[in-house]
Amino acid sequence: MLASKIVNDPFNFHSALAKFNVNRLAVAAPSLLWEEKLQDEMKYRIIEGRFLEQLRALVIPLTRGSLGTVDHFVSWFESLAEWGPGQHHALFDWLAEHATLEEMRWFLTQEAAGEAGFEDLVAYTQVKLPQQAKLECARNYWDEMGRGKPKAMHGPLLESMVHGLELNPSIDSTVWESLALGNVMVGLATSRRYTYHSLGALGVIELTAPLRAAKVSRGMERLGMPRKMRAYFDLHAALDILHSREWIQEVIRPLVTDNPECAQFIAEGALMRLKCGQQCFDRYSQEFGINIAQSKPIERRREKRNTLEIVNC
């Protein structure tokens, strides 16, 4: 199952890992094959770890500017919304203003297939955190769960959009860059050695998602998609601004204050998420024929080489 052709091919690798993650996170029952399944899981966890370590090595040079006081680190983290990989990507203005209905449906299908489930990622990550950070994770989780109202839960809002637009997301029809995005988030959240990385990755999602979500919603509205179908993106365009502020003040700042060494790992996690996001946006743009080479062409050529290194596990 883990033959070299799977490990060395980006799509085969990430689709196999995504399918493993579906089974790993699913509710299950005792089985007589539990030892065999654990041995198989260990193989996947090892190649997942190699993948995550290669991604860490790729982004470490970008963390140098984060060094300093707690206030400096918080300012650096907040600045990722401006200069971080993938920010202000041409894809989202294009989706807002030019995408056809077919192109928007393809984009939404890819996004739905790669979604890892923010509420579950938070739940895994918060285990054994200090009190203040744990409480903020709990508040964030409660918002994700619609504050107890099933129709307001974020996950079902996404599912409602998928059903309402008659999309058909599946691992086998999703580009590997989108699958990699979900695989990174699951890998960080479910491995305790990456707890700080997961907190950084979750925090930077809250920080950077609102602008992208607003542009996607604008494009959907332009194409005549009903407000109910846009609710998932409208919600994140507004609520994540508050979530980001609270995550930084209640999770990141106190953790770095108490343990300055964890700042490096939080920074790495944030950049790992952004780097994979940029890779995904670039692939979508390629599929749509959007010309992104005019913006900082030298930097983009260098980043293209680096993204290939991510999958050489």
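All of the points below concern the structure found in this document. (Residues numbered from 1 in each chain as written. Predicted model: local features only at pLDDT ≥ 70, side-chain atom pairs only at ≥ 80, totals over all residues. Heavy atoms only, no water.)

## Focus on helix α6 (residues 101–114)
Put simply, the test is: Numbering of helices and strands runs from the N terminus; a helix is a DSSP stretch of H or I covering at least four residues, while a strand is a stretch of E covering at least two. In a helix, the anticipated span is given by 1.5 Å times the number of residues less one. Burial classification: accessible surface area is computed with a 1.4 Å probe over protein chains only, and a residue below 20% of its type maximum counts as buried, one above 50% as exposed, and the rest as partly exposed. Any two residues whose heavy atoms approach within 4.5 Å at even a single point are treated as in contact.
Over its 14 residues, α6 runs 20 Å from end to end, which matches the ideal 20 Å to within 8%, given 1.5 Å per residue. Those residues of α6 not exposed but buried are M104, F107, L108, T109, Q110, A112 and G114. The elements touched by buried residues of α6 are α5 (90–97), α9 (154–164), α10 (176–190), α11 (195–222), α12 (227–258) and α13 (262–288).

## Focus on the environment of V186
In this fold, V186 is placed in helix α10. Of the residues examined, V186 reaches a relative accessible area of 5% and is grouped as buried. Residues contacting V186, with those up to four places away along its chain left out, are N21, R24, L25, A116 and L121.

## Structural notes on the nonpolar core
As a reminder, the rule being used: Note on terminology: a nonpolar core comprises buried Ala, Val, Leu, Ile, Met, Phe, Trp, Tyr and Cys residues joined through side-chain atoms within 4.5 Å.
Ranked by internal contacts, the top residues of the largest apolar core, which has 82 residues, are F77, L95, F107, L108 and M220. Ranked by residue count, the leading element in this core is α13, at 13 residues.

## Side note on the packing of aromatic side chains
As a reminder of what qualifies: When two rings of Phe, Tyr or Trp (its six-membered ring) have centres within 6.5 Å they constitute a pair, described as stacked for plane angles under 30 degrees, edge-to-face for angles over 60, and tilted for the intermediate range.
Counting across every chain of the model gives 12 aromatic pairs. Consider the rings of F73 and F77, whose centres lie 6.4 Å apart with planes at 45 degrees: the pair is tilted. With F73 and F77 both in helix α4 (residues 70–83) and four residues apart, the pair spans about one turn of that helix. Considered together, F73 and F77 belong to a single accessibility category, that of buried residues. Clustering of aromatic rings is evident, with ring pairs tying together F92, W94, W106, F107, F281, Y284 and F288.

## Description of the packing of α5 against α11
Applied cut-off: The axes are straight lines fitted to the C-alpha atoms, using for helices just the contacting stretch, and the angles between their N-to-C directions are given from 0 to 180°. Orientation categories follow fixed angle ranges, with anything under 35 degrees roughly parallel, anything over 145 roughly antiparallel, 65 to 115 roughly perpendicular, and all other angles oblique. With the far helix as reference, a near helix turned anticlockwise by less than a right angle produces a left-handed crossing, and one turned clockwise produces a right-handed crossing. Classification convention: Asp, Glu, Lys, Arg as charged; Ala, Val, Leu, Ile, Met, Phe, Trp, Tyr, Cys, Pro as nonpolar; all other residues, Gly among them, as polar.
Two numbers describe how α5 lies on α11: the axes approach to 6 Å, and their chain directions differ by 25 degrees. Between α5 and α11, the interaxial angle falls into the category roughly parallel. As for how α5 packs across α11, the hand of that crossing is left-handed. On α11, the residues touching F92, D93, L95, A96 and E97 of α5 are R212, K215, V216, R218, G219 and R222. Here the contact of α5 with α11 is built from residues that sort into four nonpolar, one polar and six charged.

## Quick notes on the side chain of E136
Relative to the assigned elements, E136 resides in helix α8 (residues 131–144). Residue classification places E136 among the buried positions, given a relative accessible area of 1%. Leave out the neighbours within four places in its chain, and E136 touches E246, W247, E250 and V251.

## Some remarks on helix α7 (residues 118–125)
The line we're drawing: Of all possible arcs, the one meant is that of the directions from the helix axis to the C-beta atoms.
Of the residues making up α7, those classed as buried are F118, E119, L121, V122 and T125. The arc that holds the buried residues of α7, viewed along the axis, is 160 degrees, so those residues lie on one side. Against α8, α10, α11 and α12 lie the buried residues of α7.

## Remarks on the pattern of salt bridges
Inclusion rule: In what follows, salt bridge is the name for a side-chain nitrogen of Lys or Arg lying within 4 Å of a carboxyl oxygen of Asp or Glu.
Summed over all chains, the structure comprises 13 salt bridges. E97 is paired through a salt bridge with R218; the nearest N and O atoms lie 3.5 Å apart. Of this pair, E97 sits in helix α5 while R218 sits in helix α11, and the two are 121 residues apart along the sequence. Taking relative accessible area as the criterion, E97 reaches 43% and is therefore assigned partly exposed. Of the residues examined, R218 reaches a relative accessible area of 39% and is grouped as partly exposed. A salt bridge links E287 to R283; the shortest N-O distance between them is 2.9 Å. In this pair, E287 and R283 both sit in helix α13, four residues apart, roughly one turn of the helix. On the basis of relative accessibility, which here comes to 40%, the residue E287 falls in the partly exposed class. What emerges from the salt-bridge pattern is a single network uniting R24, E41, R45 and E48.

## Here's the deal with the packing of α7 against α11
Packed helices, taken two at a time, are described by their axes: the angle between them and the distance between them. One can describe the packing of α7 onto α11 by two numbers: an axis separation of 10 Å at closest approach and a directional angle of 145 degrees. You can see that α7 and α11 cross each other, and the crossing is left-handed. Residues F118, L121, V122 and T125 of α7 form the contact with α11, whose participating residues are T195, S198, L199, L202, I205 and E206.

## A closer look at the state of the cysteines
Where we set the bar: Working definition: a disulfide is two cysteine sulfur atoms within 2.5 Å of each other.
Inspection of the entire model under this criterion finds zero disulfides. Free of any disulfide, C276 has its nearest neighbouring cysteine sulfur in C280, separated by 8.9 Å. The exposure class of C276 is buried, given its relative accessible area of 0%.

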